[in-house]
Amino acid sequence: MGTIIPHGWYCRRGTSRLVRMDRDLKKTSAASQWQPRNPVLVWGGGAIGGCVAAFLARAGIPVKMVDVVAEHVHISRTAGLRIDGPVAQFVQAVPSSTPADLEGIYDCILLAVKAQHTEAAVAQLTPHLSPGGVVVSLQNGLNEERIAAGVGAHRTISGFVNFAADYLEPGHISYGNRGAIKLGEYTPGLTQRVEELAALLRAFDPDTSAEADVARYKWGKLAYGSLLFATALANETMSDSLSDAQHQPLFTALAGEVIGVAILAGVSPIGFDGFEPQAFAVEAPVSESKRSLSLMADHYRHSTKQRSGVWRDLAVRKRKTEVDVQIGEIVRVAKARGGQAPITEVLIRMIREIENGQRSIARENLVEFAQIVRELNA
Ligand SMILES: NC(=O)C1=CN([C@@H]2O[C@H](COP(=O)(O)OP(=O)(O)OC[C@H]3O[C@@H](n4cnc5c(N)ncnc54)[C@H](OP(=O)(O)O)[C@@H]3O)[C@@H](O)[C@H]2O)C=CC1
Ligand SMILES: CC(C)(CO)C(=O)C(=O)O
């Protein structure tokens, strides 16, 4: 492990020494020292992929973005991709292409499509991935299995992303707030290639880290994500719902259930950005989960992303969410190990009802959800 990516495609000339990006990325000269063999490919140039692609391009790192939205591709490569929000404001031309127009072979593909589009994207990108190249999942959910099934486990890198962004319109992304980013091998173990990929992504966020067991963060994000899915049942902001005392027992039970499934799966989740998995364990005092929920609420308080991507899919973009592929996986994992996840199942049903037009988004959904959970636990 650790020798699969050929050295020299984003290391300094003549050495594999990692380049530590300066905190002020605009002023750093490190970008000019990259010696790429071919551009970094960002596959899926929406909220997450578009932000990363624009920052890498601005840092002088050769990058190409691939997206199915032809107008977004056209604007990004001509007038430039506009990033705004509290973290950064700039317009950056990013070489871009649709999957059908893409040519060439690439060593590093950062995958940032929604979970339900993973398999289709992997089928399209596989002919463009070099034999020693990697696909890095910058997604929520456990997509690595689907990626590995397409390109092989040895070419699969797991990523955990918790910054917040919204795709507003073609060529325009709002970067709402910074958040943790961690990369790791699909099979646990810290390798040089993961260290080097983390160094690459420090051109996007200087705190990006390489981890020996990133699945611990990814399961943490599944629990955190289940809370964000729950907040999408209502129109209130994530911060308002997470800090609402009436909803907190429900959120505690929901996250506690997901943490229980992670442990059943042999994974001990790690916290980030205010989320503390241990605070949601059944034996933890209620004051601890309330504290963690308040910290999560604070994390979003000053973001320009006030509602989750799930809410945006339902209320603004009027399209299906990642519910089946993302939190549906929690139920599947629980059942495969002889357990169950009934609270998550209720949440999935309610989100599907909104997707199908059988339910409206309203605070009352959270009240109803809490009542069902009380009955389940009675
Ligand atoms: N947004 C956020 O704040 C966060 C998102 N995430 C996760 O990141 C991942 C990406 O989400 P996000 O960036 O929000 O999603 P977006 O919908 O904003 O971006 C995905 C982009 O990929 C395009 N796309 C779909 N299929 C393909 C394909 N086969 N090839 C190329 N492009 C394709 C989409 O087009 P179209 O819209 O037409 O489908 C869209 O433009 C998800 O797993 C999400 O859960 C994680 C943390 C935070
Ligand atoms: C809701 C979720 C988990 C997926 O979009 C998310 O990470 C976000 O929108 O911030």
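Residues numbered from 1 in each chain as written. Chains lettered and ligands numbered in written order. Predicted model: local features only at pLDDT ≥ 70, side-chain atom pairs only at ≥ 80, totals over all residues. Heavy atoms only, no water.

Caption draft 1: Fine view of the site of ligand 1. Residues in close proximity to ligand 1 total 30 residues, the closest being Asp 67, Gln 124, Asn 140, Arg 319 and Glu 322. Within the side chain of Asp 67, a nitrogen or oxygen atom sits 2.8 Å from an oxygen atom of ligand 1. Separating an oxygen atom of ligand 1 from a side-chain N or O atom of Arg 319 is a distance of 2.8 Å. The fraction of the free accessible surface of ligand 1 (890 Å²) that becomes covered by protein chains is 89%. Counting residues per element, the ones that place at least two in the shell around ligand 1 are helix H1 (47-58), helix H3 (118-125) and strand E9 (164-169). The leading source of residues in the shell around ligand 1 is E9, at three residues. (Near = heavy atom within 4 Å. Polar contact = N/O pair within 3.5 Å; in protein donor to acceptor, adjacent residues only side chain to side chain. Areas by Shrake-Rupley, 256 points an atom, 1.4 Å probe, with all protein chains shown as cover. Helix = DSSP H or I, 4+ residues; strand = E, 2+ residues; numbered from the N terminus.)

Caption draft 2: A look at the domain arrangement of the chain. Taken domain by domain, the chain comprises domain 1 (9-212) and domain 2 (216-376). Of the residues lining the interface, 32 residues belong to domain 1; the matching set on domain 2 comes to 25 residues. Buried surface at the junction of domain 1 and domain 2, summed over both partners, amounts to about 2,300 Å²; 51% is from carbon and sulfur atoms. When the area that domain 1 buries against domain 2 is broken down by residue, the three leading residues are Leu 142, Phe 160 and Asn 162, summing to 25%. At the boundary of domain 1 and domain 2, one finds four salt bridges. Asp 166 serves as the salt-bridge partner of Arg 312, at 4.0 Å between the closest nitrogen and oxygen. At the junction of domain 1 with domain 2, the criterion picks out 20 residue pairs in polar contact (both at pLDDT 80 or more). (Domains from an automatic or database assignment. Contact = heavy atoms within 4.5 Å. Buried area = accessible area lost by both parts, 1.4 Å probe. Salt bridge = Lys/Arg side-chain N within 4 Å of Asp/Glu carboxyl O.)

Caption draft 3: Structural context of the site of ligand 2. Looking at ligand 2, the residues that line it are Asn 140, Lys 221, Gly 225, Leu 228, Lys 305, Ser 308, Gly 309, Val 310, Glu 322 and Gln 326. Separating an oxygen atom of ligand 2 from a side-chain N or O atom of Lys 221 is a distance of 2.9 Å. One nitrogen or oxygen atom from the main chain of Gly 309 is found 2.8 Å from an oxygen atom belonging to ligand 2. Contact with the protein chains covers 91% of the free accessible surface of ligand 2, which is 280 Å². For the shell around ligand 2, the elements supplying multiple residues, two or more each, are helix H6 (215-231) and helix H10 (309-316). Here the shell around ligand 2 takes three residues from H6, the largest share from any one element. A breakdown of the residues in the shell around ligand 2 according to their chemical character gives two nonpolar, five polar and three charged. (Nonpolar A, V, L, I, M, F, W, Y, C, P; charged D, E, K, R; others polar.)

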